[in-house]
Amino acid sequence: VRLTGGEPLLRPDLIDLVKALKQIDSLKDIALTTNGYLLGQNVLSLKEAGLKRITISLNSLNDKIFQQMNGFRHDLTATFSAIRSAEQAGFSPLKINVVVQKDLNDGAIIDYVREDIAQAGRGSSRGTAPLILAGMGLGARDFRNLRFRK
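Cut-offs applied
- Residues numbered from 1 in each chain as written.
- Predicted model: local features only at pLDDT ≥ 70, side-chain atom pairs only at ≥ 80, totals over all residues.
- Heavy atoms only, no water.
- 1 Å grid on protein atoms, 1.4 Å probe; cavity = no way out; pocket = protein on both sides within 12 Å on 5 of 7 lines; lining within 4 Å.
- Points joined across faces, edges and corners; volume = space filled by probe spheres on them.
- Helix = DSSP H or I, 4+ residues; strand = E, 2+ residues; numbered from the N terminus.
- Nonpolar A, V, L, I, M, F, W, Y, C, P; charged D, E, K, R; others polar.
- Core = buried A, V, L, I, M, F, W, Y, C linked by side-chain atoms within 4.5 Å.
- Buried < 20%, exposed > 50% of the residue type's maximum accessible area, 1.4 Å probe, protein only.
- Contact = heavy atoms within 4.5 Å.
- Arc of directions from axis to C-beta.
- Phe/Tyr/Trp six-rings, centres within 6.5 Å; stacked < 30°, edge-to-face > 60°.
- Lys NZ or Arg CZ within 6 Å of the ring centre and 35° of its normal.
- pLDDT = per-residue confidence, 0-100.

1. Here's the deal with the layout of surface pockets
Volume-wise, the largest pocket comes out at about 360 Å³. Lining of the largest pocket is provided by 19 residues; of these, G6, N35, S57, N59 and R73 occupy positions nearest its centre. Those elements giving two or more residues to the lining of the largest pocket turn out to be β2 (31–34), α3 (63–69) and β4 (94–101). By residue class, the composition of the lining of the largest pocket is six nonpolar, 11 polar and two charged.

2. A short note on the nonpolar core
Among the nonpolar cores identified, the biggest contains 26 residues, and V18, L32, L39, L46, L51, I54 and F91 are the most heavily contacted of them. A per-element tally of this core places helix α4 (residues 76–88) first, with four residues. Contact partners of L46, with chain neighbours within four places excluded, come to L9, L14, I15, V18, L32, L39 and L51.

3. Observations regarding unusual backbone geometry
Here the bond from S92 into P93 is cis, since omega is 0°, no more than 30 degrees from zero. With respect to the element layout, P93 can be found in the loop between α4 and β4.

4. A word on helix α1 (residues 14–22)
Given 3.6 residues per turn, any residue in an α-helix points the same way as the ones three and four places further on. Listing the buried residues of α1 in full gives L14, V18 and L21. Along α1, the residues classed as buried sweep out an arc of 65° about the axis, all on the same side.

5. Section: the packing of aromatic side chains
Each aromatic ring pair is characterised by the separation of its centres together with the angle its planes make. In total, this model carries zero aromatic pairs according to the counting rule given. Above the ring of F91, the side-chain terminus of K47 is found at 4.5 Å from the ring centroid.

6. Considering the environment of S85
Structurally, S85 can be placed in helix α4. Taking the relative accessible area as the measure of exposure, S85 reaches 17% and is therefore buried. Beyond its immediate chain neighbours, meaning those up to four positions away, S85 contacts G40 and V43.

7. Focus: the confidence of the model for the protein chain
With 73% of its residues at a pLDDT of 70 or more, the protein chain shows a mean pLDDT of 80. In the model, residues 140–144 has pLDDT below 50 throughout and makes five contacts with residues more than four positions away in sequence or in other chains. pLDDT under 50 marks residues 146–150. Its contacts with residues more than four places away, or in other chains, come to 15 contacts.

Below is the structure:
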């Protein structure tokens, strides 16, 4: 089961929901997709409740673009903090979603690959894996013809 849609961490009963799902014997996996903004304060309780996997949406490593894409609700600081908190709680590997939007963050794929290579070169094993989701606002033809900025 994947808890997603909107922001699941806004549910005041999310931890109780995870605990209830954990009680279903035939259910082997409980996952959460989040923007990470509220994750830090809940990550340990979610782990104890039975959550197994976390996917965090991080559409840009550029703070201005990141804020534009999330409606200026929060900056990268909270999301990076959430990633660290999830790693410290033992969630590994973490998945990182990147939704590509034409003319907004279409350079993000290159940024993520460069960051992954840089982390590996520094001997880091962050345990994160970017998952690039084909673009919003892009038709199949647009995505095939997308020119990634360097």
